[in-house]
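The residues making up each chain are set out below.
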Amino acid sequence: KHEIEDAIDNLSQDLKGLMYPLGYSKSTRKTRDKEETIFCQRCYNLRYHNKIINSSWQDTLTLDKSFLQFLQKKQNSIILTVIDIFDFPGSLTKDLDQLIGRHHSNILIANKIDLLPKDIDPIRIKMWLKEHCSMYGLNNIQEIFLCSAKKNWNIKELCNEISRIRNYNDDIYLIGNTNVGKSELINSLLRTCAYHGGGNYKVTSSHIPGTTVNMFGLPLDLFNDALGKNVKGMIFNEKDDGRFLFDTPGIVGENQILSYLNQEELKMVIPQRNILPLTFEFKPGKSLLFGGLGRIDYKEGNKPIRITVFSKLISHITSIEKANDFYEQLSSCDENHFLEPPIGSIDRLKQFPRIIKCKRDLKVIGECHPKKSKCILDVVWGGIGWCSIGGVRDGESVIFDVWSPDGKGVYTRHVPL
Ligand code: GDP
C-alpha cells in the first residue's frame, strides 16, 4: 500500500485518472489527517460496501491449518492467539500447542469483551478461559488479556506485556480463527501508537469471515510507540528494523453456522455492540427459537426453569408442536420474519440447510449452590449467540433437544459465574 501510494503521488494528475480505473480507488471520506487514502478495490468494497467483489466470501475460506506449522520451525516468536469471547471455545483453533510448538511466548487475547455484560468478573473469566484452552490443546499461555479491539480496551496493557517479554529479534504473529478481530486488533495497536505515526495506517477489517487472504507483515517500527519503545524520542529502534507483526489468514471451522450465511445475513447476526441478555421463564413442552438458525426444546422436566439469551437475533418462545409447524411452513411462506435469517425469497429458504436436531436428550442436573438460581450450562450456537440455562433445582434433572442448520456448530460449556 505504501509503495502504491508513493507511486501514485509521483504520477502526474492525468496519470492518476488512469490509475484508479485500473483497480485502485480513492477514499470517498476524508480522514482526519490524510487528504486522500488509496485502497485496492477489494479493500475499498469491504470498507465502504461491506462486500467482496466477484466472489462469495465462502470461496475465500482457508480450511487448512497447515500454514500454521511453519511456526514450528521459527525460533522464539511471540504468538498472539486471538479468540472471540462471544464465540468461545468455538473460535479457538484446536491443538495449537501441537501445531505451532511450545517454544514460543504465547499471549491469549480474548477479544470483543465489549459485547459482554458489564458486571463480569475478569478473574473468573480468565480462569475459565484457561481451563477451556487446556481442554482444547492450548496449555502454553503466558498471559491472558481481555480486550476490545474496537474500543481499545486493555490494548496499552497488552503492548506493555509484549514489550516486557520481547527480545529485539522477535517477530510477532497474530493467529486465530476468522472473524475473531485480528485486523481490528492491528488497527487498535496502530491507533495506540497514533502519536508515533502508526495511526495513519489501517488494515481492512470486516464482518465477512475470511477476508485476510494471505499472511502479511507490518514493520514493527510502526508499532514502536505502542510497544513501549522510545516513547519520548519517537524514533524507532534500529534493532527493530526488519522485524514484523504478521497477520495470518485465520481458519474457518467446517462446523461454523456462519459459513451458510450470505453477506446481508452475516450483518444481521454478528453483534457490533453490547448484547443485552434477555431472560425468559421456560416451561416444559416449550421451544425457544433464535431466528431460523437455532432452537432449543425443553423436552422433559417438572418445573419451569430460567433461560437467558445472548444474541442479536430475535428470540421467540412457542410450544414444541408449533415450532415444528413453523419450520415446516418456512419453505412455503416468507412471513415469519422472526425466523430470519435466512432472509429473502422462497428460493433462498429452500436452498438453506434444514434445521435439524444436533443434540438429543441433553441432560442438565441442578447443582447445589448457595445461589439456587445460578446458571449452570451455556448452549452455544457458534458465532450466533448462546443461552444460559439456570434455575434448575438442586439434584433435579431437565432434558433438552437442540437444533441447528444441518446440525452444525452447537456446543455446550460450563458457566464460570
Ligand atoms: P479477522 O477476520 O480476525 O481479521 O476479523 P476482523 O478484524 O475483520 O473483525 C471481524 C468483525 O468483528 C468485524 O465486524 C469487526 O468490526 C468485529 N470486531 C472486531 N473486534 C471487535 C471488538 O473488539 N468488539 C466488537 N464488538 N466487534 C469487533
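Residues numbered from 1 in each chain as written. Predicted model: local features only at pLDDT ≥ 70, side-chain atom pairs only at ≥ 80, totals over all residues. Heavy atoms only, no water.

### Side note on the overall build of the protein chain
Helix and strand counts for the protein chain come out as 11 helices and 18 strands. Of all 417 residues assigned to the protein chain, the portion counted as buried reaches 52%. In the protein chain, once contacts between residues fewer than 6 apart in sequence are set aside, the share between residues at least 24 apart is 76%. (Helix = DSSP H or I, 4+ residues; strand = E, 2+ residues; numbered from the N terminus. Buried < 20%, exposed > 50% of the residue type's maximum accessible area, 1.4 Å probe, protein only. Contact = heavy atoms within 4.5 Å.)

### Overview of the side chain of Ser-287
Structurally, Ser-287 can be placed in strand E10 (residues 286-290). Overall, the relative accessible area of 0% leaves Ser-287 in the buried class. Contacts of Ser-287, omitting those with residues within four sequence positions, involve Phe-282, Arg-295, Ile-296, Asp-297, His-316, Ile-317, Thr-318, Ser-319, Ile-320 and Ala-323.

### Comments concerning the side chain of Asp-87
Relative to the helices and strands, Asp-87 is located in the loop between strand E3 (78-84) and helix H5 (96-100). There is no salt bridge for the buried Asp-87, and the closest opposite charge comes from Arg-413, which lies 6.4 Å off by N-O distance. Leaving out residues up to four positions away in the same chain, Asp-87 has contacts with Gln-256, Gly-382, Gly-383 and Tyr-411. (Lys, Arg positive; Asp, Glu negative; His and termini not counted. Salt bridge = Lys/Arg side-chain N within 4 Å of Asp/Glu carboxyl O.)

### Concerning helix H8 (residues 182-192)
Among the 11 residues in H8, nine count as buried, and that is most of the element. Of the residues making up H8, those classed as buried are Lys-182, Ser-183, Glu-184, Leu-185, Ile-186, Asn-187, Ser-188, Leu-189 and Leu-190.

### Focus on the pattern of salt bridges
Enumeration according to the criterion identifies 10 salt bridges in this entry. In this structure, Lys-112 engages Asp-84 in a salt bridge whose closest nitrogen and oxygen atoms are separated by 3.3 Å. Of this pair, Lys-112 sits in the loop between strand E4 (105-111) and helix H6 (122-135) while Asp-84 sits in strand E3; the two residues are 28 residues apart in sequence, bridging distant segments of the chain. Judged by its relative accessible area of 15%, Lys-112 falls in the buried class. A relative accessible area of 8% places Asp-84 in the buried class. The closest approach of N and O atoms between Lys-357 and Asp-401, which form a salt bridge, is 3.2 Å. Linking Lys-357 in strand E14 (residues 355-365) with Asp-401 in strand E17 (residues 397-405), this pair joins segments that are 44 residues apart in sequence. A single network of salt bridges, built from pairs that share partners, joins Lys-299, Lys-357, Asp-361 and Asp-401.

### Quick look at a positive patch on the surface
A surface patch of like charges, here positive, comprises Lys-118, Lys-150, Lys-151, Arg-273 and Lys-312. Mapped onto the elements of the fold, Lys-118 is located in the loop between E4 and H6. The exposed category is assigned to Lys-118, whose relative accessible area is 73%. (Patch = residues over 30% accessible without salt bridge, like charges linked within 9 Å, V, L, I, M, F, W, Y side chains within 5 Å. Areas by Shrake-Rupley, 256 points an atom, 1.4 Å probe, with all protein chains shown as cover. Charge placed at Lys NZ, Arg CZ, Asp CG, Glu CD.)

### What about unusual backbone geometry?
With an omega of 5 degrees, the peptide bond running from Phe-88 to Pro-89 counts as cis. Positionally, Pro-89 belongs in the loop between E3 and H5. Notably, Asp-95 is not glycine yet its phi reads approximately 55 degrees, a positive angle. On the secondary structure map, Asp-95 appears in the loop between E3 and H5.

### Structural notes on the confidence of the model for the protein chain
With 69% of its residues at a pLDDT of at least 70, the protein chain reaches an overall mean of 77. Of all helices and strands in the protein chain, the one with the weakest mean pLDDT is strand E1 (residues 24-26) (53), whereas strand E5 (residues 143-146) scores best (96). Residue range residues 52-63 is modelled with pLDDT below 50. Its contacts to residues more than four positions away, or to other chains, number 35 contacts. (pLDDT = per-residue confidence, 0-100.)

### Regarding the nonpolar core
Formed by 33 residues in total, the largest nonpolar core has its most connected members in Leu-68, Ile-100, Leu-108 and Leu-129. Among the elements that take part in this core, H6 stands out by supplying four residues, more than any other. Counting only domains with at least three residues in this core, you end up with domain 2 (57-253) and domain 3 (259-414). Excluding anything up to four places from it in sequence, Leu-108 contacts Thr-81, Ile-83, Leu-129, Cys-133, Leu-138, Ile-141, Glu-143, Ile-144 and Phe-145. (Core = buried A, V, L, I, M, F, W, Y, C linked by side-chain atoms within 4.5 Å. Domains from an automatic or database assignment.)

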